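# Survey of secondary and tertiary structure
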Amino acid sequence: MSLLRHLPAAALAAGLLLAGPAPAADAPPPPDVHAPLAMEAGTWDAEITFFQDGQPSGSARGVQVNTLLANGHWVTNDFNIPATGEFPAYQGHGVWGFDPVAGAYVNTWVDTNDRAVRTDYGYWHAPEQTMVWSSKQPDGNGHFVDYRFTEEFRGDKRVFTAWQLGIVKPGEHLLLRIEFTRRPEAAATAAVSAGDAPGR
């Protein structure tokens, strides 16, 4: 005899509601969801400005090489800044794309400044051609620090801006702004061949 016959109808209904429909893992993503990834592909020269208390406090130059995976659904970022008199050498690596399960863009980032992996969640604002990211990262002292990033796409130019949200005072603190200029493809290929792009 089936045990189902002995279960109250309400319990069966509740179980069906909890189970719900199977997740649509293969549902098509929104139109043009991968467009910003293609916009970021290429080799970019970076002009970095650091800020302290809202004022510029230093600058550096670097190179970012962004590579689309074959299906165009994910892009890898390799960012290198050579050592200067003010700052040690910096190396960062990220992978991002649209995650259909999260319903948002997801980025993972590791670099030589932090011991922890940073995970960012982003939303694409097509009319403004701007990606907005938010992130929460442990600071190693028992706090989670919130960050907000924007990336404005302007063809062969793009501007990345980073803010930290205060722990005690929840205002935004400008951390840095990076102005990227994409190299022409022929110049980028020559630079990679010469070993210039990764560190310059």
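Heads up: the structure comes first, above all this text.
A brief look at the structure comes next. (Residues numbered from 1 in each chain as written. Predicted model: local features only at pLDDT ≥ 70, side-chain atom pairs only at ≥ 80, totals over all residues. Heavy atoms only, no water.)

### Examining the overall build of the protein chain
A count of helices and strands for the protein chain gives three helices and 10 strands. When its helices and strands are written in sequence order, the protein chain yields α-α-β-β-β-β-β-β-β-β-β-β-α. Here the analysis covers contacts within the protein chain between residues at least 6 apart in sequence; of these, 34% occur between residues at least 24 apart. In the structure as shown, the protein chain presents an accessible area of about 12300 Å², 60% of it carried by carbon and sulfur atoms. (Helix = DSSP H or I, 4+ residues; strand = E, 2+ residues; numbered from the N terminus. Contact = heavy atoms within 4.5 Å. Areas by Shrake-Rupley, 256 points an atom, 1.4 Å probe, with all protein chains shown as cover.)

### Considering the side chain of Thr 76
With respect to the helices, strands and loops of the structure, Thr 76 is situated in strand S3 (residues 74-81). Each residue touching Thr 76, except ones within four places of it in the same chain, is listed here: Val 65, Asn 66, Thr 67, Leu 69, His 93, Gly 94 and Val 95.

### What about unusual backbone geometry?
Phi at Asp 53 is positive, roughly 55 degrees, even though this residue is not glycine. You can see Asp 53 is positioned in the loop between strand S1 (42-52) and strand S2 (55-68). Using a relative accessible area of 73% as the deciding quantity, one classes Asp 53 as exposed. Its identity is not glycine, yet Gln 129 carries a phi of approximately 50 degrees, on the positive side. (Buried < 20%, exposed > 50% of the residue type's maximum accessible area, 1.4 Å probe, protein only.)

### Quick look at the side chain of Asn 77
Note that Asn 77 resides in strand S3. Looking at Asn 77, the relative accessible area reads 5%, which means it is buried. Not counting residues up to four positions away in its chain, the partners in contact with Asn 77 are Glu 40, Gln 64, Val 65, Asn 66, Gly 92, His 93, Gly 94, Trp 96, Asn 107 and Trp 109.

### Here we look at the sheet that holds strand S10 (residues 172-182)
Spatially, the 10 strands close up into a barrel ordered S1-S2-S3-S4-S5-S6-S7-S8-S9-S10, and their pairing is antiparallel. On average, each strand axis in the sheet is inclined to that of its neighbour by 25 degrees, with strand direction left out of account. Bridge count for strand S5 (residues 104-111) against strand S6 (residues 118-125) is five bridges, and the pairing is antiparallel. Of the residues in S6, the one forming a bridge with Val 106 is Tyr 121. (Pairing = 2+ DSSP bridges. Axes fitted to C-alpha atoms, helices over the stretch in contact; angles between N-to-C directions.)

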